[in-house]
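What follows is the residue order along each chain.
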Amino acid sequence: MDRGDIRRIHGTAFVAGKLPDKVSKNMADSATRLIKSAYPDIAVDIKAIREPPNRAEGIGTGIMIVAETSNGCLLSGSALGERGVPAEKVGETAAEALLKDLRHGGCVDEYLQDQLIIFMALAAGTSKIRCGPMSLHTETAIHIAEKLTDAKFSIQPIQEGSEGEGCIIQCTGIGYRRPTP
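Residues numbered from 1 in each chain as written. Predicted model: local features only at pLDDT ≥ 70, side-chain atom pairs only at ≥ 80, totals over all residues. Heavy atoms only, no water.

Looking only at helices and strands, one finds 4 helices and 7 strands in the protein. Listing the helices and strands of the protein from first to last along the sequence gives β-α-β-β-β-α-α-β-α-β-β. With the C-alpha coordinates of the protein rotated into their principal frame, the extents come out at 55 × 40 × 25 Å. For the protein, the proportion of its 181 residues judged to be buried stands at 39%. Counting contacts in the protein only where the partners sit at least 6 residues apart, residues at least 24 apart contribute 67% of the total. By element, 53% of the accessible surface of the protein is carried by carbon and sulfur atoms, the whole surface being about 10,600 Å². Between the centroid of the 21 positive side chains of the protein and the centroid of its 23 negative side chains there is a distance of 4 Å. (Helix = DSSP H or I, 4+ residues; strand = E, 2+ residues; numbered from the N terminus. Buried < 20%, exposed > 50% of the residue type's maximum accessible area, 1.4 Å probe, protein only. Contact = heavy atoms within 4.5 Å. Areas by Shrake-Rupley, 256 points an atom, 1.4 Å probe, with all protein chains shown as cover. Lys, Arg positive; Asp, Glu negative; His and termini not counted. Charge placed at Lys NZ, Arg CZ, Asp CG, Glu CD.)

Right, dumping it as structure tokens:
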């Protein structure tokens, strides 16, 4: 339940198709600036790359940034470029998503919390995850998991991060085992 300290932040900003290489560099630079302003002592390495023509279909841009912690947690932020949106804004959007998830102190990011619910429901014993504000996807996943199994979930609010409430999701799972043939 302890995320640990942030050890490093890394990622990839990419371009594909006819777009100039400077687009991925601008995304990477703007994301790095924003992250370094919040975490000046953490190593940030966001690579700017061009997708090879044989691996890309069409034209596009995007960025994926991952923070690694001392306890093995991985939290991420990402964004896709859109026509008319400056590359710098795309980089900032990804960085802001990551920073939001880092501020709440959880062990999983916004997009992983709902994916863990079914595993918690099927596991034996009690499972817990610490996350940021519970998403509607997570609320829905809990509702469906409780309907499909006899698993019981409880939510404990916590107020430690600087950006809204987080929570601990606890589940008493059903201890599912694959039937023997």
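Further notes follow.
Attention shifts here to the sheet that holds strand β7 (residues 166-172). Taken together, the 3 strands give an open sheet; going across it, the order is β5-β7-β6, and neighbouring strands pair in antiparallel fashion. This sheet does not close on itself; its edge strands, each paired only once, are β5 (126-131) and β6 (152-158). Taken pair by pair, the neighbouring strands of this sheet meet at an average axis angle of 15 degrees, ignoring direction. Lying over the sheet, helix α4 (residues 136-148) contacts β6 and β7, oriented at roughly 155 degrees with respect to β6. (Pairing = 2+ DSSP bridges. Axes fitted to C-alpha atoms, helices over the stretch in contact; angles between N-to-C directions.)

The subject of this paragraph is the nonpolar core. What tends to happen in soluble globular proteins is that the nonpolar side chains get buried as a cluster. Core analysis: the biggest nonpolar cluster contains 26 residues, and Ile9, Ile35, Ile46, Ile63, Ile65, Leu98 and Leu102 have the highest contact counts within it. Those elements that place two or more of their residues in this core are β1 (6-16), α1 (22-38), β2 (43-50), β3 (60-69), β4 (74-80) and α2 (87-103). The element contributing the most residues to this core is α2, with 7 residues. Apart from residues lying up to four places away in sequence, Leu102 is in contact with Arg3, Ile6, Ile9, Tyr39, Ala67 and Leu75. (Core = buried A, V, L, I, M, F, W, Y, C linked by side-chain atoms within 4.5 Å.)

Geometry only, nothing functional implied.
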